[in-house]
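Here are the chains, one letter per residue:
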Amino acid sequence: MANQEPLAPELEQLIKQVKLKEPSKERMTDYLAGVNAKIDRGAPPTSFGFPQVAVILAVGLVMAGLAYFYWIRPSSVGADPRVRPQENGQAQGPAPTTPSLSIEEEMAVLEAFGEEYDSEIQDLLGDDETLEELAQLDEIEFFLPSKAF
Amino acid sequence: MDIVQSDELLVQKARQGNRDAFGVLVRRYQTQAVLVAQSVLKNMELAKDASQNAFAKAYFGLSKFRQDAQFKTWLFRIVFNEATDVYRKEKSRGLFKFWSARETEEGEEESILEVIPSNNRSPREEFEVQEMKERLERAINQLPAREREVFLLRYLNGFEISGVAETLGIAVGTVKAHLAHGTEKLKSILLVPAKLRSEGRNIQGGD
């Protein structure tokens, strides 16, 4: 038989003369009462061992990871405002908006624009004499049509 | 008239909340359950408590018990796991014993074997058998945990190999391998010194 593996004869001889020590009858008299008491107390609490600690740590790590990606990472990396997700979730090309400039950049643009404007005006207007001539011409043009009517 | 009811029927009744039926199952297997726990814990009081816990767990887990399995094997597996759990806790508690002043007898190891009484032994033979039992117990305690458990369940609790495998939750082949290794180790621990002693006696006798 498969379950009847041979044991060394000397060892078998030893084992035949001993047995597991059985509990005394006095010790076992209240056994069933003890089991019933444990059942009445309710389901035994599950032990808090290594598997439970490992599960809690794993869940904590996942939660921390999610919190990082949800709150911290987007603000530090910065999403491209020109790329707007559509309702179906696909990203579209750049939106027709002017790129946002920093204050320094805006100041630089305004200064550049102001210098250019000033130079153009000066080119057109020339010096003070020219301005006086232009004013006189304005007056002439102003009065001529009225005389004509 | 006391009619012996099958485990299946008693389990069925216990599932429906019949505590008396479960009580019959407890009385039927209480001694064996204590012995299984005792094999792990080597302490009768702890073994009794662990096996009672196991019975309570079995009661609450009856809904999970598959009817095609044997109740006895399922129960002993719970007993074994509970005893192993208690053993681990006691072992970790033992680490703090050094600093702790309170020493209780509850957690101390006891002898798990006893000599089968016989009227045919002379006092000298009785003494030799007692000595042999102590040597066997010391040798069993020297085995690695799994080999010791397999050996005790198979040869001292009288389980079939398949029963040992189901109780420990391991394959039959693994049980056989542990048995083979354990037996070899026991032979080397027990029989070689005995041979040396007998040879020593012969030499002394020869001189």
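Above this text sits the structure in question.
Bear in mind that the values here come from a model prediction, so they are computed numbers and not experimental data.

Caption draft 1: Here's a closer look at the overall build of chain A. When helices and strands are tallied, chain A shows 6 helices and 3 strands. Put simply, chain A runs from its N terminus to its C terminus through helices and strands in the order α-β-α-α-α-β-β-α-α. Looking at chain A as a whole, 5% of its 149 residues qualify as buried.

Caption draft 2: Highlighting the interface of chain A and chain B. Taken together, the contact pairs 26 residues of chain A with 41 residues of chain B. Contributing elements (two or more residues each) for the side of chain A that touches chain B: helix 1 (9–16), strand 1 (18–20), helix 2 (25–28) and helix 3 (31–40) of chain A. Counting residues per element, the side of chain A that touches chain B draws most heavily on helix 3 of chain A, at 6 residues. In terms of residue class, the side of chain A that touches chain B is built from 15 nonpolar, 4 polar and 7 charged. Across 3 bridges, the pairing between strand 1 of chain A and strand 1 (residues 113–115) of chain B is antiparallel. Note that in strand 1 of chain B the partner of A:Lys19 across the bridge is B:Glu114.

Caption draft 3: Region of the structure containing helix 3 of chain A. Residues of helix 3 of chain A that are buried include every one of A:Tyr31, A:Val35, A:Lys38 and A:Ile39, and no others. All buried residues of helix 3 of chain A lie within an arc of 100° about the axis, which places them on one face of the element. Among the exposed residues of helix 3 of chain A, those pointing more than 90 degrees away from its buried face are A:Ala33, A:Ala37 and A:Asp40. Here the buried face of helix 3 of chain A lies against helix 2 of chain A together with helix 2 (19–41) and helix 3 (44–60) of chain B.

Caption draft 4: Region of the structure containing the packing of helix 3 of chain A against helix 2 of chain B. For the pair helix 3 of chain A and helix 2 of chain B, interaxial distance at closest approach is 10 Å and the crossing angle is 130°. Judged by the angle between their axes, helix 3 of chain A and helix 2 of chain B are oblique. In this structure, the crossing between helix 3 of chain A and helix 2 of chain B has a hand that is right-handed. Contacts from A:Tyr31, A:Leu32 and A:Val35 of helix 3 of chain A reach helix 2 of chain B at B:Gly23, B:Val26, B:Arg27 and B:Gln30. The class makeup of the residues in the contact of helix 3 of chain A with helix 2 of chain B is 4 nonpolar, 2 polar and 1 charged.

Caption draft 5: Up close: the packing of helix 2 of chain B against helix 3 of chain B. Residues and elements named next belong to chain B. For the pair helix 2 and helix 3, the least separation of the axes is 8 Å and the interaxial angle reads 135°. By the criterion of interaxial angle, the relationship of helix 2 to helix 3 is oblique. Two packed elements cross with a definite hand, and for helix 2 against helix 3 that hand is right-handed. Residues Phe-22, Val-26, Ala-33, Val-34, Ala-37, Gln-38 and Leu-41 of helix 2 form the contact with helix 3, whose participating residues are Met-44, Leu-46, Ala-47, Lys-48, Ala-50, Ser-51, Ala-54, Phe-55 and Tyr-59. Looking at the contact of helix 2 with helix 3, its residues break down into 13 nonpolar, 2 polar and 1 charged.

Basis of the calculations
Position numbers for residues start from 1 in each chain and track the written sequence from start to end. Each chain takes a letter, starting from A, and each ligand takes a number, starting from 1, following the order in which they are written. The predicted origin of the model limits local features to residues at a pLDDT of at least 70 and limits the giving and counting of side-chain atom pairs to 80 or more, whereas totals for whole chains, interfaces and linings rest on all residues. Each helix is a run of DSSP H or I of at least 4 residues and each strand a run of E of at least 2, with the numbering of both proceeding from the N terminus. Comment: burial labels come from other C-beta atoms within 10 Å of the residue's own C-beta, placed from the backbone, where a count of 20 or more is buried, 12 or fewer is exposed, and between is partly exposed. We call two residues in contact when their backbone-placed C-beta atoms lie within 7 Å. Basically, the charged four are Asp, Glu, Lys and Arg, the nonpolar ten are Ala, Val, Leu, Ile, Met, Phe, Trp, Tyr, Cys and Pro, and anything else, Gly included, counts as polar. Whether two strands pair depends on DSSP finding at least two bridges between them. As used here, the arc is the angular range of directions from the helix axis to the C-beta atoms. All axes are obtained by fitting lines to C-alpha atoms, using only the stretch in contact for helices, and the reported angles, taken between N-to-C directions, cover 0 to 180 degrees. Any angle that falls under 35 degrees is termed roughly parallel, while one over 145 is termed roughly antiparallel, one within 65 to 115 roughly perpendicular, and all others oblique. Handedness of a crossing is defined here by the sense of rotation of the near helix relative to the far one, left-handed for an anticlockwise turn of less than a right angle and right-handed for a clockwise turn.

Everything listed here is a matter of geometry and, on its own, says nothing about what the molecule does.
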